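Here is how the chains run, residue by residue.
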Amino acid sequence: MKTHTSTITDGRLSSADWLASPNYNHRPQNMAIDTIVIHNISLPPDEFKQTDKNDLHYVKAFFTNALDWEAHPYFKTIKGVEVSAHLFIERDGNITQFVNFADRAWHAGQSSYLGREAVNDFSIGIEMEGSDFQGFTEAQYHALAQSIAAIYQAYPATKNHLTGHSDIAPVRKTDPGEFFDWVKLRKMVSELV
Ligand SMILES: [Zn+2]
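A quick note: this is a predicted structure, and the numbers were derived from the prediction, not measured.

Colleague: Where do I start with the pairing of strand β5 (residues 35-41) in this structure?
Modeller: A regular strand places its side chains on the two faces of the sheet in alternate fashion. With respect to burial, β5 is a largely interior element, seven of its seven residues being buried. Judged by which residues are buried, β5 turns out to be covered on both faces: T35, V37, H39 and I41 on one side and I36, I38 and N40 on the other are all buried. The sheet contact formed by β5 and strand β11 (residues 123-129) spans seven bridges and is parallel. Paired with I36 across the strands is I124, a residue of β11. The pairing of β5 with strand β12 (residues 162-164) spans three bridges and is classified as parallel. Following the sheet pairing, V37 is matched in β12 by T163.

Structure follows, in structure tokens:
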């Protein structure tokens, strides 16, 4: 479990491994980053820590357009989909960053937050390895809280806008799900900032 303080320099989180995704582009000019969106993902669904034949985590493969669509029947259903997140937090708390915070990651899809469309434009997307049907690990909450504290430091406008994918795309999305403990997270973050 990483407990040291994280910092953000030039759009990168110090406690994260860097793995560049091609699935990003520039944010609209002068767009302030003021929102954090929490997601969950697992590949195949509800299975964790699964890797491909090169030992690459399936989610990391997916976010870098390297997922072998033949490796599992479910993968055919997401074939060719190009998505990313800024951060991915695994069950053991390991953090990977795919897109510089200054750039627009493709995590929210069609979405709306407080009347503003295209949430990718102004948000940071964080994927928790998990599903709607299982709780998250202590190590993940710690890593997430540390990451959010660092984001608050670098992008103070995000302090009032911590939300979930299901809140910005309620018809399409259910993540991070009812097992995600917002009260716990907010308490942990408040102890760090
Ligand atoms: Zn999501």
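So much for the structure itself; the text now carries on.
Colleague: Sorry if this is basic, but what is going on with the pairing of β11 here?
Modeller: Of all seven residues in β11, seven are buried, a share of seventy percent or more. Of the two faces of β11, the one carrying S123, G125, E127 and E129 and the one carrying I124, I126 and M128 are both buried. Of the strand pairs in this sheet, strand β6 (residues 87-89) and β11 are connected by three bridges, and their pairing is parallel. Its bridge partner being in β11, L87 is matched across the sheet by I126.

Colleague: I tried to follow the nonpolar core on my own but got confused; where do I start?
Modeller: Note on soluble globular proteins: their nonpolar side chains tend to be buried together. Of all hydrophobic cores here, the largest spans 43 residues; its most connected members are L87, I89, I126 and L144. With seven residues, helix α2 (residues 138-154) is the largest single contributor of residues to this core. Each residue touching L144, except ones within four places of it in the same chain, is listed here: I89, I126, M128 and L185.

Colleague: Quick question: what am I supposed to make of α2 here?
Modeller: In an α-helix, one turn spans 3.6 residues; hence positions three or four apart end up facing the same way. Between the first and last C-alpha of α2 there are 25 Å, a value that for 17 residues agrees with the 24 Å anticipated at 1.5 Å per step. Along α2, the positions that sit buried rather than exposed are Q140, Y141, A143, L144, A145, Q146, S147, I148, A150 and I151.

Colleague: Please clarify how the sheet that holds β5 should be interpreted in this entry.
Modeller: In a beta sheet, neighbouring strands pair by backbone hydrogen bonds and run either parallel or antiparallel. Spatial strand order, β3-β7-β6-β11-β5-β12: six strands in an open sheet with mixed pairing. The outermost strands of the open sheet, each flanked by one partner alone, are β3 (17-18) and β12. Against the sheet, α2 makes contact with β5, β6, β7 (95-97) and β11, and its axis sits at roughly 170° relative to β11, the strand it touches most.

Colleague: Where do I start with the environment of F88 in this structure?
Modeller: Secondary-structure assignment places F88 in strand β6. Discounting chain neighbours no more than four positions away, the residues touching F88 are V59, K60, F63, T96, F98, E127 and E129.

Colleague: Sorry if this is basic, but what is going on with the packing of α2 against helix α4 (residues 182-190) here?
Modeller: Each pair of packed helices gets described by two things: the angle between the helix axes and the distance between those axes. Packing of α2 against α4 brings their axes to within 9 Å, and their N-to-C directions diverge by 50°. Considered as vectors, α2 and α4 are oriented oblique to each other. In this structure, the crossing between α2 and α4 has a hand that is right-handed. Packed against α2, whose contacting residues are Y141, L144, A145, I148 and A149, the element α4 presents K184, L185, M188 and V189 at the interface.

Colleague: Would you mind showing me how to read unusual backbone geometry here?
Modeller: Negative phi is the rule for most residues except glycine; trans is the rule for most peptide bonds. In this chain, L43 is followed by P44 through a cis amide linkage whose omega measures -15°. Mapped onto the elements of the fold, P44 is located in the loop between β5 and α1 (58-63). Omega for the peptide link from D175 to P176 comes to 10°, which places this bond in the cis form. As for its position among the elements, P176 is in the loop between α3 (165-168) and α4. A positive phi is found at D46, a non-glycine position, where the angle reads about 70°. One non-glycine residue, K49, lies in the positive phi region at around 60°. Inspection of the secondary structure assignment puts K49 in the loop between β5 and α1. The class of K49 is exposed, set by 12 C-beta atoms lying within 10 Å.

What counts, and where the lines are drawn
The written sequence of each chain sets the order in which its residues are numbered from 1. Local features in a predicted model are, by the rule used here, given only for residues with pLDDT of at least 70; side-chain atom pairs are given and counted only at 80 or more, and totals for whole chains, interfaces and linings are based on all residues. Once C-beta atoms are placed from the backbone, each residue is buried if 20 or more other C-beta atoms lie within 10 Å of its own, exposed if 12 or fewer, and partly exposed for counts between those two. Secondary structure is summarised from DSSP: a helix means a run of H or I of at least four residues, a strand means a run of E of at least two, and numbering begins at the N terminus for each. Two strands qualify as a pair provided DSSP detects at least 2 bridges between them. When buried Ala, Val, Leu, Ile, Met, Phe, Trp, Tyr and Cys residues are joined through C-beta atoms within 7 Å, the set is termed a nonpolar core. In this description, any two residues whose backbone-derived C-beta atoms lie within 7 Å of each other are considered to be in contact. Every helix has an expected span of 1.5 Å times one less than the residues it contains. Here an angle of 0 to 180 degrees is reported between the N-to-C directions of two axes, which are lines fitted to C-alpha atoms, with helices fitted over the stretch in contact. Relative orientations are named as follows: roughly parallel for angles under 35 degrees, roughly antiparallel for angles over 145 degrees, roughly perpendicular for angles from 65 to 115 degrees, and oblique for any other angle. For any helix crossing, the convention is left-handed if the near helix is rotated counterclockwise from the far helix by under a right angle, and right-handed if that rotation is clockwise.

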